Amino acid sequence: MTRPMSAGAGAAPPSDSVAGAWWRGAVIYECHLPSFRDGNGDGVGDLQGLIDSLGYLSDILGVDAVWTGPFYASPLLDQGFDVSDYLQVEPVFGTLEIFDRLLTEAHARGIKIIVDYIPSHTSDQHPWFLESRSSLTNPRRDWYVWRDSKPDGSLPNNWTSEAGGSVWELDPPTGQYYLHSHLKEQPDLNWRNPQVRDALFEVLRYWLGRGADGVRIDVAHMLMKDPELRDNPEVAAGAHNPYDLQHPDFGTQIHLYDRRHPDTHQVMTQIRAIVDEYPDAVTIAEIEAMPWADWAAYYGADLGGMHLPFPFRLIETPWRADLLRAELEGLYAALPTGAWPIVALGNHDRMRLATRLGPAQARVAAVLLLTLAATPCLLYGDELGMADQPVPLSQQRDYFATATGGVSRDPTRTPMPWNNDVNAGFSTADPAQLWLPTAHDAAEINVDSQLAEPASSLSLYQTLVRLRGTADALRHGDITFLPCACPPSVLAYERRSESHSMVIALNLTSEPTSVTLPSTGSVVVSTTGACRGSTGATLHLGADEGVVIEVKEGMHSHEDH
Ligand code: NOJ
């Protein structure tokens, strides 16, 4: 048998009792503010709506932290990821006073609030950019990335933007091009300019000083680019990753020079040093899918970088036991000593789990998400098994799609269905005023109807979140992938703390199968509702069944134990 992979092998066992490590034992909820709940009846989710939902999040679902989504002043061409004032709340989302109230009320319920930090680019309406573009000699000219065309009049380089087309936009008044890695209305800041860094560090201090419990850092891997701005190599035709849903242009080249420059890690360390001024605050870095060793580098030397870099490879891995196992083994093998991972299987930019996997396997995914040795991050609505919703072109909001022909992310972002009231309880506005239409199946798939149904997706999530909160092994135990006496359709692993052990077996197909277990115990969770009092050495798994087995003390037959 191969040596099992262990999370944090050789390190002190991770524990919530370690000062500042609340996030190791937490379940994080991505609420994606505009879609979650509208508190003032204008048709758009907002901070008041989030306050109104805290009872659901704490008492019903039982999560520990909420990642809000951006709510800063913005023209809202990219959902608020185009910031025109980092220190103000966009009126459609609320006010600073409401944000402060959110912190007070969330903290009173034991919920942490993680806000977005969007350091890579601003809106083209940000006063810094308006000054920068005003003349070649403006003191803020170098706050953004400006270049002349090449001597032959062509673009400064060949880089393609995530929103499609070139990253370069000509600004006629000064005759130079500015760089935008996303929309042309989102110019990239020049992080090689120390004044830019200082200004962005003050933004961090502002929100953490107000009491936010951490930041989710937007495209952290894009802050530092090749200083020479060399051309990216072209990609072989057909080599584009189908799970990577950017604009088709984006996949035509290997993004070697427009991101992930080694200097990025110096910046991560600086950001972390600022965050460390606020005890217990967490840094979660959004970084694209990359080799595991590169992902691990975001933890920084001596863990002085990000607390939790997102492992996007998992979202992009096809749903097969062998492939998922290989990725997870890669993750744990690369995990630096003493570090702890975060995991998400869906987010506001990607196809929803229930659409990608189907409803039965989406339940299996719930078990995976909530039983790995990693902090789970759950997208709003995934607890209901919500699927992508077709949004008619006339109602689409995602400018990446409507303006530049990219893949629309609107189908993933439709409003949270709460109940059977008008607009599924999301908003009291006229349905025509909703920022996106509610789901066509909201009458069946909503919080209230699922609460009344013990076999619902929400009930499964409730059980799993509760179990994770109380079971020592799940919350911060080691992970060991079970030797593959399992059929290829099954992903199986053990979670073990000093006092406690659980085995998880996931049938990732709709064919029933059997698995030989290293230990016997009782099935305490089954995605098909088939909990069994006790298991023998052979466990039959139904179609699309994922189970959590509480191992009976002294019943280990695992050779490593
Ligand atoms: C990543 C965010 O998740 C995405 O929604 C956004 O469009 C880009 N960053 C640009 O900020």
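Predicted, not measured: the structure shown is a model, and the values here were computed from it. (Residues numbered from 1 in each chain as written. Predicted model: local features only at pLDDT ≥ 70, side-chain atom pairs only at ≥ 80, totals over all residues. Heavy atoms only, no water.)

**Side note on the confidence of the model for the chain**
Detailed reading of the predicted coordinates is not advisable wherever pLDDT is low. Residue-level pLDDT values for the chain average 92, and 93% of them are 70 or greater. Ignoring residues within four places in sequence, the model shows residues 1-20, a span with pLDDT below 50, making 39 contacts including any to other chains. Taken as a whole, residues 557-561 scores under 50 in pLDDT and shows 15 contacts with residues more than four places along the chain or in a different chain. (pLDDT = per-residue confidence, 0-100. Contact = heavy atoms within 4.5 Å.)

**A look at the domain arrangement of the chain**
How big an interface is tends to be stated in terms of accessible area lost as the parts join. If you check the domain split of the chain, you get domain 1 (121-190 + 227-253) and domain 2 (474-551). One C-alpha centre belongs to domain 1, the other to domain 2, and the line joining them spans 49 Å. (Domains from an automatic or database assignment.)

**Notes on the nonpolar core**
Formed by 143 residues in total, the largest nonpolar core has its most connected members in Tyr 29, Leu 57, Phe 71, Tyr 117, Trp 191, Ile 271 and Tyr 332. If sequence neighbours within four positions are ignored, Leu 57 has contacts with Tyr 29, Phe 36, Leu 50, Gly 62, Val 63, Val 66 and Ile 111. Listed in part, the 13 residues of the second largest apolar core include Leu 482, Ala 492, Val 515 and Val 547. (Core = buried A, V, L, I, M, F, W, Y, C linked by side-chain atoms within 4.5 Å. Buried < 20%, exposed > 50% of the residue type's maximum accessible area, 1.4 Å probe, protein only.)

**As for the site of the ligand**
The ligand sits among 13 residues. The nearest are Asp 78, Asp 218, His 348, Asp 349 and Arg 409. Here the ligand has 290 Å² of accessible area as a free molecule, and 96% of this is covered by the chains. The class makeup of the residues in the shell around the ligand is three nonpolar, three polar and seven charged. (Near = heavy atom within 4 Å. Areas by Shrake-Rupley, 256 points an atom, 1.4 Å probe, with all protein chains shown as cover. Nonpolar A, V, L, I, M, F, W, Y, C, P; charged D, E, K, R; others polar.)

**Let's talk about helix α11 (residues 359-371)**
For α11, built from 13 residues, the straight-helix expectation of 18 Å at 1.5 Å per residue is met to within 8% by its first-to-last C-alpha distance of 19 Å. When you tally the buried positions in α11, you get eleven out of 13 residues, the bulk of the element. Every buried residue belonging to α11 is among Gln 361, Ala 362, Arg 363, Val 364, Ala 365, Ala 366, Val 367, Leu 368, Leu 369, Leu 370 and Thr 371, and all of these are buried. (Helix = DSSP H or I, 4+ residues; strand = E, 2+ residues; numbered from the N terminus. Expected span 1.5 Å × (residues − 1).)

**Concerning the sheet that holds strand β10 (residues 282-285)**
For sheets, the rule is that strands pair by backbone hydrogen bonds, running either parallel or antiparallel. Pairing within the open sheet is parallel, and its eight strands lie in the order β11-β10-β9-β5-β2-β1-β13-β12. Single-partner strands in this sheet number two, and they are β11 (308-309) and β12 (342-344). Together, β5 (112-117), β9 (214-217) and β10 form the strand contacts of helix α6 (residues 264-275), whose direction differs from that of β10 by roughly 150°. The sheet contacts of α11 involve β12 and β13 (375-379), and relative to β13 the element is tilted by about 140°. (Pairing = 2+ DSSP bridges. Axes fitted to C-alpha atoms, helices over the stretch in contact; angles between N-to-C directions.)

**Structural notes on the pairing of β10**
When a strand is regular, its side chains alternate between the sheet's two faces. Neither face of β10 is left uncovered, since the one carrying Val 282 and Ile 284 and the one carrying Thr 283 and Ala 285 both have all their residues buried. Pairing geometry for β9 and β10, over four bridges, is parallel. Of the residues in β10, the one forming a bridge with Gly 214 is Val 282. Here β10 pairs with β11 via two bridges, running parallel. Bridge pairing in β11 links Ile 284 to Leu 308.

**A short note on the packing of aromatic side chains**
Summed over all chains, the structure comprises 23 aromatic pairs. Ring geometry for Tyr 206 against Trp 207: centres 5.0 Å apart, planes inclined by 85°, an arrangement best described as edge-to-face. Three or more aromatic residues link up through ring pairs in this structure, and these residues are Tyr 29, Phe 36, Tyr 56, Tyr 380 and Trp 418. In this structure, Arg 141 packs its charged tip against the face of Trp 146, placed 3.6 Å from the ring centre. Positioned above the aromatic ring of Phe 400, the side-chain terminus of Arg 409 is 4.1 Å from the ring centre. (Phe/Tyr/Trp six-rings, centres within 6.5 Å; stacked < 30°, edge-to-face > 60°. Lys NZ or Arg CZ within 6 Å of the ring centre and 35° of its normal.)

**Focus: the packing of helix α5 (residues 194-210) against α6**
Taken N-terminus to C-terminus, the directions of α5 and α6 make an angle of 35°; their axes are 10 Å apart at the nearest point. The two elements α5 and α6 meet at a crossing, and its hand is right-handed. Within the contact between the two elements, α5 uses Arg 197, Phe 201, Leu 204, Arg 205 and Leu 208 and α6 uses Gln 266, Val 267, Gln 270, Ile 271, Ile 274 and Val 275. Grouping the constituent residues of the contact of α5 with α6 by class yields seven nonpolar, two polar and two charged. (Left-handed = near helix turned anticlockwise from the far one by under 90°.)

**Some details on the packing of helix α2 (residues 54-61) against helix α14 (residues 457-470)**
Running from amino to carboxyl end, α2 crosses α14 at an angle of 70°, the nearest separation of the two axes being 10 Å. By the angle class used here, α2 and α14 are roughly perpendicular. Counting all contacts with α2, which are made through Tyr 56, Ile 60 and Leu 61, the residues of α14 involved are Leu 458, Tyr 461, Gln 462, Val 465 and Arg 466. The class makeup of the residues in the contact of α2 with α14 is six nonpolar, one polar and one charged. (Parallel < 35°, antiparallel > 145°, perpendicular 65-115°, else oblique.)

**Examining the environment of Ser 135**
For Ser 135, the position within the fold is in the loop between α4 (127-132) and β6 (146-147). Since its relative accessible area comes to 23%, Ser 135 is described here as partly exposed. In sequence terms Ser 135 and Pro 173 are 38 residues apart; their C-alpha atoms lie 7.8 Å from each other. Residues within four places of Ser 135 in sequence aside, it is in contact with Arg 141 and Thr 174.

**Quick look at the sheet that holds strand β7 (residues 168-171)**
The strand order β6-β8-β7 describes an open sheet built from three strands, whose pairing is antiparallel. What marks the edges here is a single partner per strand, and that holds for β6 and β7. Of the pairings in the sheet, the one linking β6 to strand β8 (residues 176-179) comprises two bridges and is antiparallel in character. In the strand pairing of β8, Trp 146 is matched with Tyr 178.

**Here we look at the pattern of salt bridges**
Enumeration according to the criterion identifies 31 salt bridges in this entry. Asp 263 serves as the salt-bridge partner of Arg 192, at 2.8 Å between the closest nitrogen and oxygen. Of this pair, Arg 192 sits in the loop between β8 and α5 while Asp 263 sits in the loop between β9 and α6, and the two are 71 residues apart along the sequence. Overall, Asp 263 belongs to the partly exposed group, its relative accessible area being 26%. In the salt-bridge network here, residues are joined through shared partners; they are Glu 162, Asp 258, Arg 259, Arg 260, Glu 288 and Asp 294. (Salt bridge = Lys/Arg side-chain N within 4 Å of Asp/Glu carboxyl O.)

**Here's the deal with unusual backbone geometry**
Even without being glycine, His 32 reaches a positive phi, approximately 45°. Located in the positive-phi region is Asp 280, a residue other than glycine, with phi close to 80°. Among the structural elements, Asp 280 can be located in the loop between α6 and β10. The exposure class assigned to Asp 280 is partly exposed, which follows from its relative accessible area of 39%.

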